[in-house]
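In case you want the letters, here they are:
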Amino acid sequence: MDTDRAGLRERKKRETRIALSWAAIRLTVERGFDNVRIEDIAAEAGVSTRTFSNYFGSKGEAIVARHHDRARAIAAALRERPAGEPIWEAITHAALEGFALGEPLPSGQAADRSWVEGLRLMVAEPALQGEFQKAGAAAEAEFALAVAERTSADATRDVYPRLVAGVVGAALNVVSRQWLIAEPRQSLGDILRDVFDRLAAGLPEPR
């Protein structure tokens, strides 16, 4: 029974953290970064500002949290891929699974032009760049560990896991930014497959 209660508490914590992060993203996309207060985010998620402070130190941390969550999900998915699967095939499947966390879209709506433009402004917001960099560094370190486990390498001494993690981090940034600028609109899955297929092929020069 105690184990069940502990599991329920942890699940509630995860759900609250996710709700706060999505609320921060939605409000920032709709209003602009400077026009969103922590109080607004807490109210949107249905919690107190004190609860917000238990999870995040700033609205920037809350916004970027989903970026970090996605990277952790990709690393976890990579660990679950079949052992004999080629590394880039495994990474592609893991990335597709991680991106199934979804985009911050209004409930039941497609990614219309105004929403995409709001996302573009959000990811370009100067005040968020430091948070994105911190999340990216943490994600690369975690992904390097997953690659090291899969390849029986040392994540702290061998270059391969860190190189792959750096390439994957850069590739995921390209996927996200290409999704934001693509005309006509493309799905994240299609862009991701294209990017990782090119990596798996050794980045041959376009014909």
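This one's a predicted model, so the numbers in the text were calculated from it and none came from an experiment.

Q: Describe the UniProt feature "domain: HTH tetR-type" (unreviewed entry) in the protein, with residues and values.
A: Per the UniProt record, "domain: HTH tetR-type" (unreviewed entry) is found at residues 14-74. The distance from the first to the last C-alpha atom of residues 14-74 is 17 Å, and the span holds 80% helix and 0% strand.

Q: Give a description of the UniProt feature "DNA-binding region" (unreviewed entry) in the protein that names residues and reports values.
A: Those places that UniProt annotates as "DNA-binding region" (unreviewed entry) correspond, in this numbering, to residues 37-56. The distance separating the terminal C-alpha atoms of residues 37-56 is 13 Å; by composition the span is 75% helix and 0% strand.

Q: Please set out helix α5 (residues 87-99) residue by residue, giving values where relevant.
A: Look at α5: 18 Å from first C-alpha to last across 13 residues, which is about the 18 Å you get at 1.5 Å a residue. Turning to α5, its buried residues number three or more, namely Ile87, Trp88, Ala90, Ile91, Thr92, Ala94, Ala95, Gly98 and Phe99. Residues of α5 that are buried sit in contact with α4 (59-80), α7 (129-151), α8 (159-181) and α9 (188-200).

Q: Help me get a handle on the pattern of salt bridges, residues and values and all.
A: One pass over the full model with this rule turns up 14 salt bridges. Between Asp69 and Arg72 there is a salt bridge; the shortest N-O distance is 2.5 Å. With Asp69 and Arg72 both in helix α4, this residue pair falls three residues apart, about one helical turn. Lys134 is paired through a salt bridge with Glu131; the nearest N and O atoms lie 3.6 Å apart. In this pair, Lys134 and Glu131 are both assigned in helix α7, three residues apart and thus about one turn of the helix distant.

Q: Residues and numbers for helix α6 (residues 113-123), please.
A: Among the residues of α6, Trp115, Val116, Gly118, Leu119, Met122 and Val123 are the ones counted as buried. All buried residues of α6 lie within an arc of 155° about the axis, which places them on one face of the element. Relative to its buried face, α6 has exposed residues pointing more than 90 degrees away, namely Arg113, Ser114 and Leu121.

Q: An account of the packing of α5 against α8 is requested, with residue identities and associated values reported.
A: Running from N to C, α5 and α8 cross one another at 45°; their axes reach a closest spacing of 12 Å. With respect to their mutual orientation, α5 and α8 come out oblique. Every pair of crossing elements has a handedness; the one defined by α5 and α8 is right-handed. In this structure, α5 uses Ile87, Trp88, Ile91, Ala95 and Phe99 to contact α8, whose residues at the interface are Tyr160, Val164, Val167, Val168, Leu172, Val175 and Ser176.

Rules of the game
- Residues numbered from 1 in each chain as written.
- Predicted model: local features only at pLDDT ≥ 70, side-chain atom pairs only at ≥ 80, totals over all residues.
- Heavy atoms only, no water.
- UniProt positions renumbered as here; feature names shortened; annotations may be inferred.
- Helix = DSSP H or I, 4+ residues; strand = E, 2+ residues; numbered from the N terminus.
- Expected span 1.5 Å × (residues − 1).
- Buried < 20%, exposed > 50% of the residue type's maximum accessible area, 1.4 Å probe, protein only.
- Contact = heavy atoms within 4.5 Å.
- Salt bridge = Lys/Arg side-chain N within 4 Å of Asp/Glu carboxyl O.
- Arc of directions from axis to C-beta.
- Axes fitted to C-alpha atoms, helices over the stretch in contact; angles between N-to-C directions.
- Parallel < 35°, antiparallel > 145°, perpendicular 65-115°, else oblique.
- Left-handed = near helix turned anticlockwise from the far one by under 90°.

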